[in-house]
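Inside the fold
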Amino acid sequence: LVKEELKKQGEPTSEFSDKALEDFIENLEGDKSHPAFRPDHFRNSPLEPESSVSTLMLEQYKRELAARREKTEYMATYGFLGYPLLQTADILTMKGEAVPVGRDQLSHLEFAREIVRRFQRIYKKEIFPEPQALLSESPFVPGIDGRKMSKSYNNSILISDSPEEIREKVKMAITDPQKIRKADPGRPEVCNIFFYHKLFSSEGIVKQVDLTCRNGTLGCVDDKNHLATILAEKLAPIRERRAKFAANEKHLQEILHEGGKKARSLAEKTLEEMKELMHLKYG
């Protein structure tokens, strides 16, 4: 995501522009309007102990590094090679037991569990729980182009999108390629719009869309307009909450600061525990 931001601003992607990165982070913080945002949230990037935890875990990662390096020369930097390890450090520093992830992240979480098992087998003490996946009822949500929804693919509908932006994005969503004309019978099971209906629409609407799509009385344009209206209404409370945060940036920064203090205390305790176990405490 940072690379995409830097590309947009004409910055070389091999170097970080401080301003571009800071602006990017601030934009992400504005999206803390998500219903899951709590008063103890924090930025994890300034947590120095977390970087140290990932470094101490590097010994457990040597075989994985070698295997990844052999696959492609493109992944020749630690930024690419070490991403799963940094993600593992994010989880283990806080001794996370359950991690909310999408289906595409399950392999990374299994890697984190393997790191935990290997570390505790070598040092003969269990100090970390093996993190388990916390999946929602929809562990995979396709983007408007059918691939996984991601900002990197520019195929996502954002919780901060206005009703107009939602409508424009939904218009571009892929539907059943065999339903060319309105009267053609459709196949809801292969249609992205129907997938979104199952997530956001009422049971009655889902049944109606399924029936009228299959019998050719519902066209894709009408269906997209209907879905866009539903999405805009469902996301309205989140947009309103986001606006409140945006209007009080000081309060938002206070939340992140207080959450950061709590997280730093936990991270330092974990790091000290690791150093003692690895006989790396001196003096």
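Everything discussed here concerns the structure shown above.
All of the points below concern the structure found in this document.

Criteria and thresholds
- Along each chain, residue indices are assigned from 1 in the same order as the chain's sequence is written.
- Where local features are concerned, this predicted model is filtered to residues with pLDDT of at least 70; where side-chain atom pairs are given and counted, the filter is 80 or more; whole-chain, interface and lining totals use all residues.
- Derived side-chain values reflect all non-hydrogen atoms in the structure, with water molecules and hydrogen atoms excluded from consideration.
- To qualify as a helix, a DSSP run of H or I must reach at least 4 residues; to qualify as a strand, a run of E must reach at least 2; elements of each kind are numbered from the N terminus.
- A 1.4 Å probe rolled over the protein chains alone gives each residue an accessible area, and that area as a share of the maximum for its type sets the label: buried under 20%, exposed over 50%, partly exposed in between.
- In what follows, residue pairs with any heavy atoms lying within 4.5 Å of each other are defined as contacts.
- Here the Shrake-Rupley method, with its probe set to 1.4 Å, supplies the accessible areas, and only the displayed protein chains count as covering residues.
- Only one rule defines a salt bridge in this text: a Lys or Arg side-chain nitrogen within 4 Å of an Asp or Glu carboxyl oxygen.
- Only a pair of cysteine sulfur atoms within 2.5 Å qualifies as a disulfide here.
- Here, nonpolar core means buried Ala, Val, Leu, Ile, Met, Phe, Trp, Tyr and Cys residues that are tied together by side-chain atoms lying within 4.5 Å of each other.
- Helix span, as expected, comes to 1.5 Å for every residue beyond the first.
- Two axes enter the definition of the bend at a residue: one is fitted to the seven residues ending there, the other to the seven starting there, and the bend is the angle between them.
- Between the N-to-C directions of two axes lies an angle of 0 to 180 degrees, each axis being a line fitted to C-alpha atoms and, for a helix, fitted only over the stretch in contact.
- With respect to orientation, any angle under 35 degrees is reported as roughly parallel, any angle over 145 as roughly antiparallel, any angle of 65 to 115 as roughly perpendicular, and every other angle as oblique.
- If you view the pair so one helix is near and one far, a crossing is left-handed when the near helix is turned anticlockwise from the far one by less than a right angle, and right-handed when it is turned clockwise.
- Only Asp, Glu, Lys and Arg are considered charged, only Ala, Val, Leu, Ile, Met, Phe, Trp, Tyr, Cys and Pro nonpolar, and every remaining residue, Gly among them, polar.

Here we come to the overall build of the protein. Helix and strand counts for the protein stand at twelve helices and two strands. Reading the protein from its N terminus to its C terminus gives the helix and strand order α-α-α-α-α-α-β-α-β-α-α-α-α-α. Taken across its 283 residues, the protein has 37% of its residues classed as buried. A sequence separation of at least 24 residues applies to 66% of the contacts in the protein between residues at least 6 apart. Accessible surface, the protein: about 17100 Å² in total, of which carbon and sulfur atoms supply 54%.

All chains considered together, the criterion is met by 16 salt bridges. In this structure, the salt-bridge partner of Glu110 is Arg117, at a minimum N-O distance of 2.8 Å. What makes Arg117 partly exposed here is its relative accessible area of 29%. Linking Lys207 and Glu203 is a salt bridge whose minimum nitrogen-to-oxygen distance equals 3.3 Å. With a gap of four residues between them, Lys207 and Glu203 both fall in helix H10 (residues 203-214), about one helical turn apart. Classification of Lys207 by relative accessible area gives exposed; the value is 55%. Linked by salt bridges that have partners in common, Glu110, Arg113, Glu114, Arg117, Arg118 and Glu130 make up one network.

A word on the state of the cysteines. For the structure on display, the rule yields zero disulfides. For Cys220, which is in no disulfide, the shortest distance to another cysteine sulfur is to Cys191 and amounts to 6.1 Å. According to the relative accessible area criterion, Cys220 is partly exposed, its value standing at 22%.

Residues Met57, Leu92, Phe119, Phe128 and Met274 are the most contacted members of the largest nonpolar core, which totals 20 residues. At the level of elements, helix H3 (48-56), helix H6 (83-93), helix H7 (106-123) and helix H12 (249-277) are the ones that each hand at least two residues to this core. Counting residues per element, this core draws most heavily on H7, which supplies five residues. Among all residues touching Met57, those that are not within four sequence positions of it are Leu85, Leu92, Ile115, Phe119, Phe128 and Met274. One finds Leu227, Ala228, Leu231 and Ile238 within the second-largest nonpolar core, a separate group that totals 18 residues.

The subject of this paragraph is helix H9 (residues 192-200). Structural remark: α-helix, 3.6 residues per turn; residues separated by three or four positions point the same way. Turning to H9, its buried residues are Asn192, Ile193, Phe194, Tyr196 and His197. If you follow the buried residues of H9, they end up packed against helix H8 (163-171), H10 and helix H11 (220-247).

Of note, Glu272 is situated in helix H12. Spatially, the C-alpha atoms of Glu272 and Val53 are 9.6 Å apart, while their sequence positions differ by 219 residues.

Taking 1.5 Å of rise per residue, the 28 residues of H11 would be expected to cover 40 Å, and the 38 Å separating its terminal C-alpha atoms lies within 8% of that figure. Taking the largest bend as the criterion, H11 deviates by roughly 45°, centred on Ala236, and proline Pro237 comes between one and four positions later. Along H11, the residues classified as buried are Asp223, Lys224, Leu227, Ala228, Ile230, Leu231, Ala232, Leu235, Ala236, Ile238, Arg239 and Phe245. On its buried side, H11 packs onto H8, H9, H10 and H12.

This part is about the packing of H6 against H7. Axis separation between H6 and H7 bottoms out at 9 Å; the angle between their running directions is 70°. Relative to H7, the element H6 is oriented roughly perpendicular. Helix-helix and strand crossings are classified by hand; for H6 and H7 the assignment is right-handed. In this structure, H6 uses Tyr83, Pro84, Leu85, Gln87, Thr88, Ile91 and Leu92 to contact H7, whose residues at the interface are His108, Leu109, Phe111, Ala112, Ile115 and Val116. Here the residues of the contact of H6 with H7 sort into ten nonpolar, three polar and no charged.

Function cannot be read off these values alone, since they describe shape.
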